[in-house]
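One-letter residues, chain by chain:
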Amino acid sequence: MSFHPPMDYAPARFQRSGRKLAEEGEPFTYTPENQKKFDENVKRYPADQRKSAILHALYLVQQQQGYITGEGMRHVAHQIGCSAADVEDVVSYYTMFYTKPVGKYVLNVCRTLSCALLGAERVTEELSATLGIKPGQTTSDGMFTLMEVECLGACDRAPVVMVNDDWHERLSPEQCGKFVDDIRTRGRAVFSGCHLHVEKK
Amino acid sequence: MAFQPVLTNHVREPQAYTLDFYLKSARGYEGLRKALTLEPNDIIEQVKASGLRGRGGAGFPTGLKWQFVLKDTPRPKYIACNADESEPGTFKDHVLMERNPHLLIEGCAISCFAIGAKVAYIYIRGEFYHVQEVLERAIDEAYEAGHLGKNIYGSGFDCDVYVHRGAGAYEAGEETALIESLEGKRAQPRIKPPFPAVAGLYQCPTAVNNVETLCNVPLIVLNGPEWFAGLGPEKNGGPKLYCISGHVKRPGVYEASMHTTLRELIYGDQFAQGMAGDKKFKAIIPGGSSVPLLLEQHLDTPASFDHIQKAGSLLGSAGLIVLDETVCMVWLAMNLLHFYRHESCGKCTPCREGGDWLYKLLQRVEAGEGRMKDIDLLYGVANNIIGKTLCAFGDAAATPVLTTLNLFRHEFEAHVREGRCTLPAAWRSQHTVMAH
Ligand SMILES: Cc1cc2nc3c(=O)[nH]c(=O)nc-3n(C[C@H](O)[C@H](O)[C@H](O)COP(=O)(O)O)c2cc1C
Ligand code: SF4
Ligand code: FES
């Protein structure tokens, strides 16, 4: 029970944060493989510093269900031994964690200076037109999400697009339509990232 | 004698990232073997004598940094390798990690030995997933062959190297923010002092060093400090990686001595080979997006920490962004402020609010809706960020605005006067989004 006298809270007079909590989602636990990966990873840090493993733990959630839900965060909190608010604090800070479903291919177009000098803005426009979505949106068939991101650290190969964990380099605006079609048919084989081509691993 | 690359000499060869290759072709792990026969303090002295300066941005002498690491403490010590590489225009560290990962691992192990640490964490940015895979495979190889782990080469020295993947935050490159992120928190800087050398990771003494910095350490141990110092101008010794991007014919990562001038780097045959499309040179950002612009008259400056500073800018992370005559400086400042506004960690007000304000003002001027007093306001806001923030990010965010205003004020005024961007029409038509 509360000892506060009843008060008139006037919603209009308070500035309310526009922040929305992540959706709760389905009940979540790691698959046995992911549980094993987490248990391995947490050993990298001193025993009383389990929280250091939080980013890795969140990546595992994201791999497992595509994005991070409230239930996912609660599971991570349980694994780490911290509060769910601590986990949300971290999730909301880093740009690589998604709290909404994303497409099978997330096209992250770099928009920072070196890429912009070589036409990154046009690349975004073309991709946007080809896919019929704006940056930040996902196509209705769940295949593509378009995002604008800041410098990816590959400025010599501008304009760069990071697709999930791969890079595609030197994507000219004219190639965008074909690029999207190619991903639909050939998937990851399309990407020109030099890490995929320097030598066959 | 012409300069011979020593960090990147093998990066184009097949299998360069494997342990076998490293042992056979690059005198792999000989530096570590030699280091373990020395006293830790001797290694610090050697690094000091070599004049090695941090390659992450600040150019701080590495030996000195290690010397400051608290000695008499019962707590463990740590090396945190800064592989966050997010400064726009910088892309050197991933080449080293992807193609020469064992050099970094060896550097981490020697540095641990020198400061008395047993664990090194390599904090790699989340976007470098493919680099992380290479690095982790290399670490596994090193453990298997006994270059890492317990009692290395029977010397009694234990060393573990782990990779820690970030998740997309430029600010995680700042050393105390990196430590916070390693501890599993938001990447927001701490108030200094205490410096990481006294209370860093888990409140233990920590040295934070850039990838390229640590890669130089095995070479210094192996070849001696005099060799290293002799490679460059005074106090700017050693090999340096330059990242050249923007309007040049052949952008890329080039290794050179710090005697090399900016002009050679842009026009030299073995470097970027000149301006793309034979357009005219307008300006260069010599050290990543956070440093002031240099102009044509500065091109004969050697690209060393001290010379670039004397010319009025900073070598920073050696990310050279070359701009040709078609670049609108208002647009450039706007593009960069979009970056800084997005990446501000939000911990202190001048940076969090000021960055956003600057961006909005620049948007207005670029769209041709600005007023003359907006130009003064830009100065005012930027000057109220610079030097008034918790970390150097604030200065970095204000710099693109101040440097473009100082050197190209007439472009800002022209935007206001004519009510539109004054870029050559041909270029604008290629960049339709800029027509607003
Ligand atoms: C906002 C900001 C971002 C930084 N980003 C990086 C980075 O991405 N990589 C890096 O090595 N250093 C970065 N630094 C510099 C580090 O704080 C630190 O000086 C450096 O890692 C020290 O290593 P060094 O002495 O070997 O250069 C950044 C600094 C600031 C203020
Ligand atoms: S200057 Fe910016 S990035 Fe640095 S602590 Fe302040 S708000 Fe964060
Ligand atoms: S500016 Fe696009 S990768 Fe650096």
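See the structure printed just above.
Residues numbered from 1 in each chain as written. Chains lettered and ligands numbered in written order. Predicted model: local features only at pLDDT ≥ 70, side-chain atom pairs only at ≥ 80, totals over all residues. Heavy atoms only, no water.

### Focus: empty space enclosed by the protein
Residues and elements named next belong to chain B.
Logical step 1: Within this structure, the stated rule accounts for two cavities of 30 Å³ or more.
Logical step 2: When its volume is computed, the largest cavity comes out at roughly 70 Å³.
Logical step 3: Lining the largest cavity are Glu171, Pro189, Ser344, Cys345, Lys347, Cys348, Cys351, Thr389, Leu390, Cys391 and Phe393.
Logical step 4: A breakdown of the residues in the lining of the largest cavity according to their chemical character gives seven nonpolar, two polar and two charged.
Logical step 5: Roughly 60 Å³ of volume is contained in the second largest cavity.
Logical step 6: Every residue lining the second largest cavity is listed: Leu7, Thr8, Asn9, His10, Val11, Ala16, Phe21, Tyr22, Ala26, Arg99 and Asn100. (1 Å grid on protein atoms, 1.4 Å probe; cavity = no way out; pocket = protein on both sides within 12 Å on 5 of 7 lines; lining within 4 Å. Points joined across faces, edges and corners; volume = space filled by probe spheres on them. Nonpolar A, V, L, I, M, F, W, Y, C, P; charged D, E, K, R; others polar.)

### Considerations on the side chain of Gln79 of chain A
Residue and element names in this part refer to chain A.
Logical step 1: Its place among the elements puts Gln79 in helix H3 (residues 70-80).
Logical step 2: What makes Gln79 buried here is its relative accessible area of 10%.
Logical step 3: A polar contact of 2.7 Å, which involves the side chain of Gln79, links it to the side chain of Gln35.
Logical step 4: When sequence neighbours within four positions are dropped, the list of residues in contact with Gln79 reads Tyr30, Gln35, Phe38 and Arg50. (Helix = DSSP H or I, 4+ residues; strand = E, 2+ residues; numbered from the N terminus. Buried < 20%, exposed > 50% of the residue type's maximum accessible area, 1.4 Å probe, protein only. Polar contact = N/O pair within 3.5 Å; in protein donor to acceptor, adjacent residues only side chain to side chain. Contact = heavy atoms within 4.5 Å.)

### Some thoughts on the environment of Ala197 of chain B
All names here are of chain B.
Logical step 1: By the secondary structure assignment, Ala197 is in the loop between helix H8 (175-182) and strand E4 (206-210).
Logical step 2: Here Ala197 falls in the buried class, since its relative accessible area comes to 11%.
Logical step 3: Sequence separation between Ala197 and Tyr242 is 45 residues; the distance between their C-alpha atoms is 28 Å.
Logical step 4: Not counting residues within four places of it along the chain, the set of residues in contact with Ala197 comprises Phe68, Val69, Leu70, Pro205 and Thr206.

### Considering the site of ligand 1
Residue and element names in this part refer to chain B.
Logical step 1: Inspection of the region around ligand 1 gives 19 residues, with Gly56, Lys65, Asn82, Asn210 and Thr213 positioned closest.
Logical step 2: Contact between ligand 1 and Glu175: an oxygen atom at 3.1 Å from a main-chain N or O atom of the residue.
Logical step 3: Between ligand 1 and Val208, the relevant distance is 3.5 Å, taken from an oxygen atom to a main-chain nitrogen or oxygen of the residue.
Logical step 4: With three residues, E4 is the single largest residue contributor to the shell around ligand 1.
Logical step 5: Residue composition of the shell around ligand 1, grouped by class: four nonpolar, eight polar and seven charged. (Near = heavy atom within 4 Å.)

### A word on the packing of helix H3 (residues 40-50) of chain B against helix H6 (residues 101-115) of chain B
Residue and element names in this part refer to chain B.
Logical step 1: Where H3 meets H6, the axes come as close as 7 Å, and the angle between the chain directions of the two elements is 115°. In terms of axis orientation, H3 runs roughly perpendicular to H6. Both H3 and H6 take part in a crossing whose hand is left-handed. Taking contact as the criterion, the partners of Pro40, Ile43 and Ile44 in H3 are, on H6, Ile110, Phe113 and Ala114.
Logical step 2: Taken together, the residues that form the contact of H3 with H6 break down as six nonpolar, no polar and no charged. (Axes fitted to C-alpha atoms, helices over the stretch in contact; angles between N-to-C directions. Parallel < 35°, antiparallel > 145°, perpendicular 65-115°, else oblique. Left-handed = near helix turned anticlockwise from the far one by under 90°.)

### Points about H8 of chain B
Counting along an α-helix, one turn takes 3.6 residues, and residues three or four places apart therefore face a common direction.
Logical step 1: Among the eight residues that make up H8 of chain B, seven are buried, leaving the element largely enclosed by the rest of the structure.
Logical step 2: Taken residue by residue, H8 of chain B has Thr176, Ala177, Leu178, Ile179, Glu180, Ser181 and Leu182 of chain B as its buried positions.
Logical step 3: In this structure, the buried side of H8 of chain B is in contact with helix H2 (54-65) of chain A together with strand E1 (78-83), strand E2 (119-124), strand E3 (160-165) and E4 of chain B.
Logical step 4: After H8 of chain B finishes, the residue Gly184 of chain B shows a positive phi value of roughly 90°.

### Comments concerning the sheet that holds strand E1 (residues 105-110) of chain A
Residues and elements named next belong to chain A.
Logical step 1: An order of E2-E1-E3-E4 is seen for the four strands of this open sheet, with the pairing classed as mixed. Because the sheet does not close on itself, it has two edges, and the strands there are strand E2 (144-149) and strand E4 (166-168). Recorded for the sheet is a direction-independent mean angle of 25° between the axes of neighbouring strands.
Logical step 2: Note that strand E3 (residues 161-163) and E4 share three bridges and pair antiparallel. When the sheet's bridge partners are listed, Met162 is paired in E4 with Trp167. (Pairing = 2+ DSSP bridges.)

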